[in-house]
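# A structural walkthrough
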Amino acid sequence: MEGVTLFLIASGLTLIFGVSLVINFAHGSFYMLGAFLTYQLYPHILYRTVPGFYITIILCGLIVAVLGLLFEVLLMRRVYHTEHLMQLVVTIAGVLIIRDLVKVIWGVNEAASPVPDALAGAVVIGGNYIPSYQLAMVAVGIVVLILMYAALNYTRAGIILRAATDDRGMVALLGINQAYVFSGVFFVGSFLAGVAGGLAASFEAVDYLLDTRVIINAFIVVIIGGLGSLSGALIGAIAVGVLKALGLLWVPEISFVGAYLLVAVVLMVRSFRRSVE
Amino acid sequence: MTEANPPSRPLDVDSTAVNWKLTGVLVALTAIALFVLDPRSVFAITEVMIFVLFASALNLVLSYSGMVSFGHGVYFGLGAYGIALTVARFDWPIWAGLMAGPVLATIAGLVYGFLSVQLTFIYAGMLTLACAEVTFGIAHQWFSFTGGESGITGYVVTRLGLSPEMFGLTVLIVVTVSLLLLWRIVHSPLGLVIRAVGENPMRAGAMGHNRKTIQLIAFTISGFFSGVAGTLYGVFHGNVFPDYVGAQFTLDGLVMVLLGGLYSFSAGIYGAVIFKLADNIVSHYFELWELVIGIILMSVIILSPAGIAGYVNRLLEHLRRRTHA
């Protein structure tokens, strides 16, 4: 279940990195905003019903996407020409600012959004009770995955995006306005983060520290899967989800570090392979 | 993937010789402040000095060696764990514990640094993060040895039993000597090679300097001085918690250096002073000091990438020209 939100966040993060080469620390903050917005808006939109739930989440995703777009246009755009470190600073500053704004608006207490009534029960599959909400989340994950796959492979925008990930200089030479590509990818990435946050609002404790908790996990996923790769984000999310679940079951003592050890191993194998090549 | 040419960096305007006059004045002023001000301020100044050293050590990695570290809290925290563990668990004498802190941090810097330099930029940074989180996990979970979440307390008398003023003076001496050493290192032939590797690893490689070796040396040195700062911090508070090796200290350190301004030796000094001032003063009147830091940081980057150090250097240069003319 955690895997679905992880996949959504990580895919946004990896898309943004793939095109703009920006490591967006503020991505977790957009996720957190999505969660808080859902908590805030759901009571006003067909409260506790399934359609209302989906409408809220998509609406919150769009709001967050607009914020992400503003972040790109107003701030990030000014630092693309500078070094990676400078870009990192801007995203870290974004984290600090968003976190304090969240504190002002929603306070420091945990917020929780209810699960829609229709999804509050459980379904019996093969003798195991599986909460309906988890199934619904997995469904959302699959829908998003299919949509993204289709969009990336069969739409013009998707093809431009993949081309830009591959070689952004060449894309610019082909007469495509890079500024639009960068803004677009921030918009889509932030939308995914917002949706993930909305989904998480119903099962995770949402507070102002959610941003750092989630961004570190998202980085793990993205590193394991390979920066800039969407299918990598999927594999990474599943790997981390399974690792965490199994770790808790078998060796709770090291479940905390298991994912990081995996990252270290993946990175070391990478460097080893590269030095062999 | 193609990457644009790395943009040219602002030239390092600081000269090679130590500005003894300025150093002397600053040290003397701090020393006087320690004995004149009230205990609360003495406490704050001591903490600022410790972070000046930590940020300057991190700055060696960030500004000069061309690496990033998302896990520098580890070397800081291990400084404190080094003394806490040896004294509390192995009954070492205090003086040996004081040595053990920086040594442990240096070893960690060497090991994690060795792993990280195998990769470049962002992947190396992520590996430092992964190493840091593993360390945090160990500190957090190994109850019988590290005390888990509640850490280790009471392994030494807070401030070694010194009065706040005398401890502040001790910290002042250690930090000053460390900064002078760091300055020497940055401006030594080794420092020049570190900078060459940081600016253009290919060209430095063509001159026969191995990027990995040089970066590892820089990283280890940085680990050592971070450990010194961490040991001071541990003794200052007489405790150690997993948070000391955690992400918050790492982030604070990064923010300090970036606030101070990359590619300048004094980045750590300005950054730490301003960061801690904001922490102590702004948070006193205004709850949202992170917001303030965030906005300052944004404006520094967008208006003046050379940071506060850049401003001050330009001002000093201007004054120097004035007086000479």
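A quick note: this is a predicted structure, and the numbers were derived from the prediction, not measured. Residue numbers run consecutively from 1 along every chain, following the written order of its sequence. Working convention: letters from A go to chains and numbers from 1 go to ligands, in the order in which they are written. Totals for whole chains, interfaces and linings use every residue, but because this is a predicted model, local features are given only for residues with pLDDT of at least 70 and side-chain atom pairs only at 80 or more, for both listing and counting. Side-chain measures were taken over the full set of non-hydrogen atoms in the model, leaving aside hydrogen atoms and water.

## Brief notes about the overall build of chain A
Counting its regular elements, chain A contains 11 helices and 2 strands. Segments assigned H or I by DSSP are reported as helices when at least four residues long, segments assigned E as strands when at least two residues long, and all are numbered from the N terminus. Reading the helices (α) and strands (β) of chain A from amino to carboxyl end gives α-α-α-α-β-β-α-α-α-α-α-α-α. Here the globule rule reads 2.2 Å times residues to the power 0.38, and the radius of gyration is calculated from C-alpha atoms. Scaling as 2.2 N^0.38, a compact globule of 277 residues should have a C-alpha radius of gyration of about 19 Å, and chain A matches this with 19 Å. Considered along the principal axes of its C-alpha atoms, chain A spans approximately 55 × 45 × 40 Å. Only protein chains enter the calculation, and the probe is 1.4 Å; a residue is then buried if its accessible area is under 20% of its type maximum, exposed if over 50%, and partly exposed in between. Counting all 277 residues of chain A, 52% fall into the buried class.

## Digging into the packing of helix α2 (residues 27-41) of chain A against helix α4 (residues 84-106) of chain A
Residue and element names in this part refer to chain A. With their axes 10 Å apart at the nearest point, α2 and α4 run at an angle of 15° to one another. Our classification of the angle between α2 and α4 gives roughly parallel. The element α2 and its partner α4 pack so that their crossing is left-handed. Two secondary-structure elements touch here, α2 through Ser 29, Phe 30, Met 32, Leu 33, Phe 36, Leu 37, Tyr 39 and Gln 40 and α4 through Val 95, Ile 98, Arg 99, Val 102 and Trp 106. Only the contacting stretch of a helix is used when fitting its axis, a line to C-alpha atoms as for every element, and angles between N-to-C directions run 0 to 180 degrees. Note on terminology: angles under 35 degrees are roughly parallel, angles over 145 are roughly antiparallel, angles of 65 to 115 are roughly perpendicular, and the others are oblique. Note on convention: the crossing is left-handed when the near helix lies turned anticlockwise from the far helix by less than a right angle, right-handed when the turn is clockwise. Every residue pair with non-hydrogen atoms within 4.5 Å of one another is taken to be in contact.

## Brief notes about the interface of chain B and chain A
Counting from both sides, the interface comprises 42 residues of chain B and, opposite them, 47 residues of chain A. Taking both sides of the interface into account, the surface hidden between chain B and chain A amounts to around 4,200 Å²; carbon and sulfur atoms contribute 79%. We define a polar contact as two N or O atoms separated by no more than 3.5 Å, with the added condition that, inside protein, one atom must be a possible hydrogen donor and the other a possible acceptor, whereas residues neighbouring each other in sequence contribute only through side-chain atom pairs. The interface formed by chain B and chain A contains 1 residue pair in polar contact (both at pLDDT 80 or more). Breaking the side of chain B that touches chain A down by element, the ones donating at least two residues are α5 (121-141), α11 (247-260) and α13 (289-303) of chain B. Summed over both partners, the accessible area (1.4 Å probe) lost when two parts come together is defined as the buried area.

## Side note on helix α12 (residues 267-285) of chain B
All names here are of chain B. What a helix should span is 1.5 Å times the count of its residues minus one. Between its first and last C-alpha atoms α12 spans 26 Å; for 19 residues at 1.5 Å apiece the expected length is 27 Å, and the two agree. To get the bend at a given residue, fit one axis to the seven residues ending there, fit another to the seven starting there, and take the angle between those axes. The largest bend in α12 amounts to roughly 25° and is located at Ala 278. Within the span of α12, buried status applies to Ala 267, Gly 268, Gly 271, Ala 272, Phe 275, Lys 276 and Ala 278.

## A word on the side chain of Ser 56 of chain B
Residues and elements named next belong to chain B. Mapped onto the elements of the fold, Ser 56 is located in helix α2 (residues 39-64). Only 2.8 Å separates the side chain of Ser 56 from the backbone oxygen of Val 52, close enough to count as a polar contact. Ignoring any residue separated from it by four or fewer positions in sequence, one finds Ser 56 in contact with Leu 179, Leu 182, Gly 268 and Ile 269.

## Thoughts on unusual backbone geometry
Phi is mostly negative for residues that are not glycine, and the peptide bonds are mostly trans. Residue and element names in this part refer to chain B. Of note in the backbone geometry, Asp 91 takes a positive phi value of approximately 55° without being a glycine. Looking at the secondary structure, you find Asp 91 in the loop between α3 (73-90) and α4 (94-116). Using a relative accessible area of 65% as the deciding quantity, one classes Asp 91 as exposed. One non-glycine residue, Tyr 263, adopts positive backbone phi at about 65°. Relative to the elements of secondary structure, Tyr 263 occurs in the loop between α11 and α12.

## Re the packing of helix α5 (residues 132-154) of chain A against helix α6 (residues 156-166) of chain A
Residue and element names in this part refer to chain A. Look at α5 against α6: their axes get within 5 Å of each other, and the N-to-C directions meet at 80°. Relative to α6, α5 is oriented roughly perpendicular. Residue-level contacts link Ala 151, Leu 152, Asn 153 and Tyr 154 of α5 to Arg 156, Gly 158, Ile 159, Leu 161 and Arg 162 of α6. Residue classes follow a fixed rule: Ala, Val, Leu, Ile, Met, Phe, Trp, Tyr, Cys and Pro count as nonpolar, while Asp, Glu, Lys and Arg count as charged, and any other residue, Gly among them, counts as polar. Residue classes in the contact of α5 with α6 are distributed as 5 nonpolar, 2 polar and 2 charged.

## Here's the deal with the environment of Gly 227 of chain B
Position of Gly 227 of chain B among the secondary structure elements: in helix α10 (residues 211-237). Once the C-alpha coordinates of Gly 227 of chain B and His 72 of chain B are considered, the two residues, 155 residues apart in sequence, prove to be 9.8 Å apart.

## So, the pattern of salt bridges
For this analysis, a salt bridge means a side-chain nitrogen from Lys or Arg found within 4 Å of a carboxyl oxygen belonging to Asp or Glu. The full count for this structure, using the stated rule, is 6 salt bridges over all chains. We note a salt bridge from Arg 99 of chain A to Asp 211 of chain A, for which the minimum N-O separation is 3.3 Å. On the criterion of sequence distance, the pair formed by Arg 99 of chain A in helix α4 and Asp 211 of chain A in helix α9 (residues 210-225) is long-range, its members being 112 residues apart. Here Arg 99 of chain A matches Asp 211 of chain A in class, with each residue buried. One salt-bridge network, held together by shared partners, links Glu 47, Lys 276 and Asp 279 of chain B.

## Re the environment of Gly 241 of chain A
All names here are of chain A. Residue position: Gly 241 is located in helix α10 (residues 230-250). Residue class for Gly 241 comes out partly exposed when judged on its relative accessible area of 21%. Sequence spacing of Gly 241 and Gly 3 is 238 residues, and the spatial spacing of their C-alpha atoms is 5.0 Å.

## Observations concerning the nonpolar core
Formed by 191 residues in total, the largest nonpolar core has its most connected members in Ile 23 and Leu 199 of chain A together with Phe 70 of chain B. Of all the elements, α2 of chain B adds the most residues to this core, at 15 residues. Leu 199 of chain A has contacts with Thr 5, Leu 8, Phe 53, Ile 57, Tyr 133, Met 137 and Val 140 of chain A, leaving out every residue within four places of it along the chain. Grouping buried Ala, Val, Leu, Ile, Met, Phe, Trp, Tyr and Cys residues that are joined through side-chain atoms within 4.5 Å yields what is termed a nonpolar core.

## Digging into the pairing of strand β2 (residues 128-131) of chain A
All names here are of chain A. Taken together, the 4 bridges between strand β1 (residues 122-125) and β2 define a ladder with antiparallel strand orientation. Directly across from Val 123, in β2, lies its bridge partner Ile 130. Strand pairing is assigned whenever DSSP identifies at least 2 bridges connecting the two strands. Count of turn residues in the β1/β2 antiparallel hairpin: 2 residues, of which Gly 126 carries a positive phi of about 55°.

Honestly, that's just the spatial picture; any functional story needs more than this.
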